[in-house]
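Listed here are the chains, written in short residue letters.
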Amino acid sequence: MDPELYAWLVRRPTILISLGSHMWLEMDDAAHVLQGCLHLLDARPDVQVLWKLKKLEYYKPELQGLDAGGDRLRIVSWL
């Protein structure tokens, strides 16, 4: 287990987004999921989001608007 991830997870209720091991997202699709996450975080300040993202192509994990999630949004490539 990853102690840093565990410490983050126990801070507040967490919503997990995992589309499975075989679902790869292009940047445009990932940007849409990110916007949904940001809307959720804005509406529910009591939760955080853990997103398992597999990228179809190379793009920076810093999608436009990612900073708006602050420390309540974490994107990982593997769980």
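Residues numbered from 1 in each chain as written. Predicted model: local features only at pLDDT ≥ 70, side-chain atom pairs only at ≥ 80, totals over all residues. Heavy atoms only, no water.

**Structural notes on the overall build of the protein chain**
Next, step 1: Check the secondary structure of the protein chain and you find two helices and three strands.
Next, step 2: What you see in the protein chain, going N to C, is helices and strands ordered as α-β-α-β-β.
Next, step 3: Within the protein chain, the fraction of its 79 residues that count as buried is 29%.
Next, step 4: Taking the intrachain contacts of the protein chain between residues at least 6 apart in sequence as the baseline, contacts between residues at least 24 apart amount to 79%. (Helix = DSSP H or I, 4+ residues; strand = E, 2+ residues; numbered from the N terminus. Buried < 20%, exposed > 50% of the residue type's maximum accessible area, 1.4 Å probe, protein only. Contact = heavy atoms within 4.5 Å.)

**With respect to the environment of L41**
Next, step 1: Summarising the element assignment, L41 is placed in helix α2 (residues 27-43).
Next, step 2: When near neighbours in sequence (up to four residues on either side) are disregarded, L41 contacts V47, Q48, V49, G69, R72 and L73.

**Some remarks on the sheet that holds strand β2 (residues 48-52)**
Next, step 1: The strand order across the open sheet formed by three strands is β1-β2-β3, and the pairing between neighbours is parallel. Edge positions in the sheet fall to β1 (14-18) and β3 (73-76), since each of these pairs with one other strand and no more. Between one strand axis and the next, the sheet turns through 15° on average, direction left out of account.
Next, step 2: Here β2 runs beside β3; their pairing, made up of four bridges, is parallel. Note on β3: the bridge partner recorded for K52 is V76.
Next, step 3: Along the sheet, α2 contacts β1, β2 and β3; its crossing angle with β2, the most-contacted strand, is approximately 165°. (Pairing = 2+ DSSP bridges. Axes fitted to C-alpha atoms, helices over the stretch in contact; angles between N-to-C directions.)

**Remarks on the nonpolar core**
Next, step 1: If you look at the biggest cluster of nonpolar residues, it comprises ten residues: L25, A30, L34, C37, L38, L41, V49, W51, L53 and L73.
Next, step 2: Put simply, the parts of the chain that give this core at least two residues each are α2 and β2.
Next, step 3: Sorting elements by how many residues they give to this core places α2 first, with five residues. (Core = buried A, V, L, I, M, F, W, Y, C linked by side-chain atoms within 4.5 Å.)

**Let's talk about the pairing of β2**
Next, step 1: The element β2 is largely enclosed, with a buried count of five among its five residues.
Next, step 2: Neither face of β2 is exposed, since Q48, L50 and K52 on one face and V49 and W51 on the opposite face are all buried.

**A few points about a nonpolar patch on the surface**
Next, step 1: Side chains of M1, Y6 and V10 sit close together on the surface and give an oily, nonpolar patch of about 390 Å² of accessible area.
Next, step 2: As for its placement among the helices and strands, V10 is situated in the loop between α1 (3-9) and β1.
Next, step 3: Classification of V10 by relative accessible area gives exposed; the value is 53%. (Patch = residues over 30% accessible without salt bridge, like charges linked within 9 Å, V, L, I, M, F, W, Y side chains within 5 Å. Areas by Shrake-Rupley, 256 points an atom, 1.4 Å probe, with all protein chains shown as cover. Salt bridge = Lys/Arg side-chain N within 4 Å of Asp/Glu carboxyl O.)

Honestly, it's all geometry; don't read function into it.
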